[in-house]
Amino acid sequence: MNEMDSIFELPDDLLATLIESFPCRDAQIRALATLLYPRAAPCRNLIIHGTEATGKTAITTGLLEALQSATDDGPPLKYAIVKSAECVTARHLFERTVGSVVDALEWEGTASVGRCETLAALTVELTRMLKENVEQEQENNSRRFVLVFDGIDRQREAPPTLLPALARLSEIIPNLTTVFILTTPTPSLLRVSSTPQLYFPPYTKTDFIAILSRPPYAPPPLPNTTPQETVDLWTRYAAAVHDALAKPASRSLPGLSRACAALWPRFTAPVAAGTHRAREFSKLLVAARAYFQDEGVLEPGIVLSGHSRDANTNGSVFAAASTTNGSNGHAPAKKGREETKATKDLATLLPPTARLLLVAAYLASHNAPRHDQTLFSTWHTGRRRRGGGGGGATGAIRASKRTKHRKIARKLLGPSAFVLERMVAIYAATRREWDSDGGEEGVVGVGVDGDVGMAISTLASLRLLVRVGGTGGGDTMDRGGKWRVGVGWEVIRGVGRSMGVEVEEWLIE
Amino acid sequence: MAVDEVLGDSFEEKQHQAAYVFDPLDEADGANRPAKRRKVSKAPNQQGAEEPDSWLTFQPLFGGSENEQCVRLRQQLFEKSWSQIDKRIQHILRKANESTLGDVASFLQATPDRASTDKIPSAFIITGPNLASQDLLFEQFSETLQIQVDAKVVRLRSGDASNLKAALKKIIHDVTARETDDENDQELAMGKDGRKYLNYDLEALYAHFKTKPRSHIIIAFQDSEAFESGLLSDLISLFSSWLNRIPFALLFGVATSVELFQARLLKSTCQCLYGDQFDVEQSSSIIEKIFKAAIAFSDAPLRLGSSLVNSLLERQRDQVSSIPVFVSSLKYAYMCHFYANPLTVFLSDDKKDDILQEEHFEAIRCLPSFRRYVETAIEKGEIEQARSLLDDNSQLREFLHDGIEGSRRWSLDILRKLKVLTVGGVLSTDFSEIYLDAISRGIDTDRIAEFTDSVKRLQPTDLTVFLNQVLDNLDNGDPSLGLDSWANENKDSHAFFTKALSTTKALQADAETKGNSLRSKYNGQTKVLRTTVIAQKVQLSHDTATLTREDSLYTELIDDLVRHLKETLHCDSAKDLCMNEIWLFDSKAPYKDVFIPRPRGVVERALSRPHDYLNCSCCETKGDQIVPGLPPVAILYQLYLETGSLINVADLWSAYYAIVGEENEEALEEQAALVLFYRGLAEMRAMGFVKQSRKKADHVAKLAWKGL
């Protein structure tokens, strides 16, 4: 029995505190400790995987810290964590690795720490430091060094050999454990056989509720209630939010906690107002039904006031919509609102020339070049023929023929690329007709001058006009370049109407 | 570089010619060209005239015979007057952003602890599409925030940051280098423990931050829309992962709207941000302020005419809405006037009569307004005076000084009258419009009638407000126009308005004690519409309601007021004044050529009518006729205009050869013609008219259409 202890033991009291601070993860914590603790069953490589916000990084960090600080009575363990999210290139990752190992070992040979450009250099550096370190402290052969690569699957500019090479480190360096934290491992990830894998499953509903009932998430007691009532209400409420929102839309803990926090004041407003009591959960639920049907609260808003305002209006819309037809009605309503907002902004924001150019760009993107002559030429009739109304009998026949093989309206399709010269030609052709002020000046006013170029580059810098392909091909003034319009039909219609132009008339289906 | 200098030098000599003819043979004697004379440095503090050549950039006029003192005086006048205006404009621009700056500063001060929220505080500044004026705004941001919230501001433009590494490099460099200036750069690359960091490693920033803690590190994205959205997302997620160590905050200059901007970011990125949006003052209201401070200002030495300013304002509205462009257009107008008009020396305050030349007086006698004056003098029979003005320079000089004085009086006068006209929004048009109208047409009877009509209809309470404001204007002037109080100079008006005000108040009080409301016969409700039905027909009749004694007294008062206004408000237009050419500038042409270039149009004209530029006999044509003497590229261009979108080069060659080839009298040999043809086609390609086509062999694609 005693002998067994010396070979395999776990620092149980350490684990207990860790399990206390990370609820619902005791199995993972124990497994991880087993695989890392020098007196348990330390392994060479370890893959920790699971979707985001399942506690992988937090638990690994917490456990390693606890194990390291407990080295007084146990075998020595040191660790370094490298976050791939902070590393811009592979070289950055290597240098960061060396740097954090230096920090962890309190290594003094600073002069040696320098460039580390390749995997080979990394191997050399690490071998030197870790092996020497081991040799210095020969007396204790059971010491370990844990190197954690957090989010290594998201590393930018990673060479294809990165992961297998890192997995070989522990073969070269004794007493090194390399931990890879990833989202999903592929079978041949490290190209070594039998790497232990530790899975962090997503939290279940009971897990969520257990976690949400704990201090950082649990709300302060409500007015008109006892603390116990608040706790009870919160638990049931969290379950309801989970069923309504988290299950279909967002499974992660931060999303759920955010949704809970966002809805809580509105949900409990009747309690605070005194119309319902905290025990009448079903009544409260019915009163707040509209909020639970709205997934808008899960969307992150980057503007504080704007977000709350949006959520409010959305809420009221859905309160109205939910009485009529449940969940089907609200998506278009909301979309429409957002787009009208954007449209209004754009139409008032842009100067007239830029607006004309934008509409011309839209027409160039959505009309086929072969129709240009019909649309814009004044050769035969002296006035332009427009697409929508007023087409003769032949036009109608052709239109009906065409609808046979093109079922989707052109404006619903993505924009196609056009040559800049064509857009400028459309601009020149339409400007005189559309611009009410420029009309009197006649031909002289239609010139394409520096100001038009400036407007084009303004649109390009706002990404309303997007350059397609050929990034090497000159600047915005190059008329041969290919472009595409960057805004959709709704916006263009608004911009057109702000100038008194129905863009629909100028589109040929 | 050397080539540039050579070109620059020859440009200087030839810049006043209609076209620059490039002649490579010039290079041969370029060796003994004079040393480069011009080194333009317009440092404003370089007032000392020790090295006159180094800053004298104006050219002598009168065909080069203007003496140097005059040239220098004109340039000094220009620099002095513009620097005053520029100071006022800068003041306005800086003031305009102040409230936004304050809001953002207080937003940043109020940010909760970053570690607790795990979100980056970010301010979205809705600037509108005038990207150019954002520079000043962000410059002010970096100044103010540095002091107010103990922040370090890094300004990023989309051009600086093409990829993640470059952006990080710039951020780290700016944070660490700016305050410690130069030598410490080396240190920064090395951490405190001698560790070297990559130049895009935020750890270097962290190491620096530990030695010099600040409460915010602010990254300002000046033109956020122009950044690639992937790059922005990368940067933001990187910042948020460092957020527990470095207190980042973000500023976004958003040209369209936050919603559109948000739609371009990843949702996971949006979760890292929280913020508020801030608006800046609308450019139209800033333009109005600049208009008052720069164009209409009472001290402005130069009046800009209405057609120029109108075209400036219109361009502002239609095209760019960018304030720096507006300001530089004004500066250019000033420069043009002082550069090209030798008579501007008379605008100088100190009378250096000795530097005047005979040419100056000749030039004055040629001025149209002077001629008109002399002609009217003769018509009036004041022949003596006319003769003395034409013959005697000293007489003319006296007259001239009077004229300049008069112009200053006139501009003061017209501004004061306009202040009265614009009081209380009686006329619906804004100040700039009324001002420009007054400059071009004067304050004529139509305008006055329009004004007095609306004054007549004012209610008594409105009238007291109106009179109060008029008196306030008289007493205090208008600092935004540089007007001082003119109550003392205009005692009659002042007394009249004061009296009218007190009478109105007294009458109002009297009427109230009697229970009536005071009105004049011009007020709408004094007319009563009566309907009478007589023999099943409706008759409408207007009836004047009876006026009480107070009412008729009030009506009299209004009549007096209107009469007074009619007497005092009349003002001549600028163009009626003698010698307005010296202080009035109203020419659109140089401005348009410089600020709204039409490169395409110029190239097309040069190719289709080379005679306009080359001015040689060989390429003189009538209409669009093609003659063999034209430069080959011009012939090719004519042929090019007739083609479709794909051009068969062999056809083009045979068409070209048919023009220049054997059938003509100055026939070219085939080889020579072919060489010229190739050269012409290469030139067309270099100018972007054709390019290789992949659709068909032996064809080139047509890229440019005429008239665009």
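Residues numbered from 1 in each chain as written. Chains lettered and ligands numbered in written order. Predicted model: local features only at pLDDT ≥ 70, side-chain atom pairs only at ≥ 80, totals over all residues. Heavy atoms only, no water.

- With an unreviewed UniProt entry as reference, chain B is termed Origin recognition complex subunit 3 N-terminus-domain-containing protein, source organism Hypoxylon rubiginosum.

- The name given to chain A in an unreviewed UniProt entry is Origin recognition complex subunit 5 C-terminus-domain-containing protein, with the source organism recorded as Hypoxylon rubiginosum.

1. A look at the overall build of chain A
Reasoning step 1: Scanning chain A from N- to C-terminus turns up 21 helices and 8 strands.
Reasoning step 2: When the 509 residues of chain A are sorted by exposure, 47% land in the buried category. (Helix = DSSP H or I, 4+ residues; strand = E, 2+ residues; numbered from the N terminus. Buried < 20%, exposed > 50% of the residue type's maximum accessible area, 1.4 Å probe, protein only.)

2. Describing helix 21 (residues 489–498) of chain A
Reasoning step 1: Buried within helix 21 of chain A are the following residues: W489(A), V491(A), I492(A), G494(A), V495(A) and G496(A).
Reasoning step 2: At the exit of helix 21 of chain A stands G500(A), carrying a positive phi of roughly 80°.

3. Thoughts on unusual backbone geometry
Leave glycine aside and you will find that most residues have negative phi; peptide bonds, for their part, are mostly trans.
Residue and element names in this part refer to chain A.
Reasoning step 1: Its identity is not glycine, yet C24 carries a phi of approximately 65°, on the positive side.
Reasoning step 2: Note on placement: C24 falls in the loop between helix 2 (12–21) and helix 3 (26–36).
Reasoning step 3: A positive phi angle, near 65°, is found at N175, a position not held by glycine.

4. Brief notes about the interface of chain A and chain B
Reasoning step 1: Across the contact, 46 residues belong to chain A and 54 residues belong to chain B.
Reasoning step 2: Together, the buried faces of chain A and chain B total about 4700 Å²; carbon and sulfur atoms form 57% of this surface.
Reasoning step 3: The tally of links between chain A and chain B comes to 6 salt bridges.
Reasoning step 4: A salt bridge links D451(A) to R315(B); the nearest nitrogen and oxygen atoms lie 2.6 Å apart.
Reasoning step 5: Put simply, chain A and chain B have 10 residue pairs in polar contact (both at pLDDT 80 or more) between them.
Reasoning step 6: For the side of chain A that touches chain B, the elements supplying multiple residues, two or more each, are helix 5 (90–105), helix 14 (304–325), helix 15 (330–349), helix 16 (352–366), helix 19 (420–434) and helix 20 (450–461) of chain A.
Reasoning step 7: In terms of residue class, the side of chain A that touches chain B is built from 18 nonpolar, 11 polar and 17 charged. (Contact = heavy atoms within 4.5 Å. Buried area = accessible area lost by both parts, 1.4 Å probe. Salt bridge = Lys/Arg side-chain N within 4 Å of Asp/Glu carboxyl O. Polar contact = N/O pair within 3.5 Å; in protein donor to acceptor, adjacent residues only side chain to side chain. Nonpolar A, V, L, I, M, F, W, Y, C, P; charged D, E, K, R; others polar.)

5. A word on the sheet that holds strand 12 (residues 699–702) of chain B
Residues and elements named next belong to chain B.
Reasoning step 1: Here 3 strands make up an open sheet; going across it, the order is 10-12-11 and the pairing antiparallel. Edge strands, defined here as strands with exactly one partner in the open sheet, are strand 10 (646–648) and strand 11 (690–692). The mean angle between the axes of side-by-side strands here comes to 40°, regardless of whether they run parallel or antiparallel.
Reasoning step 2: Examined bridge by bridge, strand 10 and strand 12 share 3 bridges and lie antiparallel to one another. Its bridge partner being in strand 12, I647 is matched across the sheet by V700. (Pairing = 2+ DSSP bridges. Axes fitted to C-alpha atoms, helices over the stretch in contact; angles between N-to-C directions.)

6. A few points about the sheet that holds strand 7 (residues 465–467) of chain A
All names here are of chain A.
Reasoning step 1: The 3 strands are arranged 6-8-7 in an open sheet whose pairing can be described as antiparallel. The open sheet has two free edges, formed respectively by strand 6 (418–419) and strand 7, since each of these has just one partner strand.
Reasoning step 2: Relative to strand 8 (residues 482–485), strand 7 is paired through 3 bridges, and the arrangement is antiparallel. Paired with L465 across the two strands is V485, which belongs to strand 8.

7. With respect to the packing of aromatic side chains
Residues and elements named next belong to chain B.
Reasoning step 1: A complete count under the given rule lists 41 aromatic pairs over all chains for this structure.
Reasoning step 2: Both rings, one in F677 and one in Y678, keep their centres 6.1 Å apart while their planes meet at 50°; by these two values the pair is tilted.
Reasoning step 3: Residue F677 is classed as buried on the basis of its relative accessible area of 2%.
Reasoning step 4: Classification of Y678 by relative accessible area gives exposed; the value is 52%.
Reasoning step 5: The ring of F297 has R88 sitting right over it, with the charged end atom 3.4 Å from the ring centre.
Reasoning step 6: In this structure, R245 is placed above the aromatic ring of W242, and the distance from its NZ or CZ to the ring centre is 4.0 Å. (Phe/Tyr/Trp six-rings, centres within 6.5 Å; stacked < 30°, edge-to-face > 60°. Lys NZ or Arg CZ within 6 Å of the ring centre and 35° of its normal.)

8. Focus: helix 10 (residues 253–267) of chain A
All names here are of chain A.
Reasoning step 1: When the terminal C-alpha atoms of helix 10 are compared, their 20 Å separation across 15 residues agrees well with the 21 Å that a helix rising 1.5 Å per residue should span.
Reasoning step 2: Among the residues of helix 10, L253, G255, L256, S257, A259, C260, L263, W264 and F267 are the ones counted as buried.
Reasoning step 3: Next to the buried residues of helix 10 lie helix 8 (205–212), helix 9 (227–246), helix 11 (269–273), helix 12 (281–287) and helix 13 (289–292). (Expected span 1.5 Å × (residues − 1).)

9. A few points about the environment of A455(A)
Residues and elements named next belong to chain A.
Reasoning step 1: Counting through the fold element by element, A455 comes out in helix 20.
Reasoning step 2: C-alpha of A455 to C-alpha of P351: the two residues are 104 residues apart in sequence and 8.5 Å apart in space.
Reasoning step 3: The contacts of A455, once residues within four sequence positions are left out, are T353, A354 and L357.

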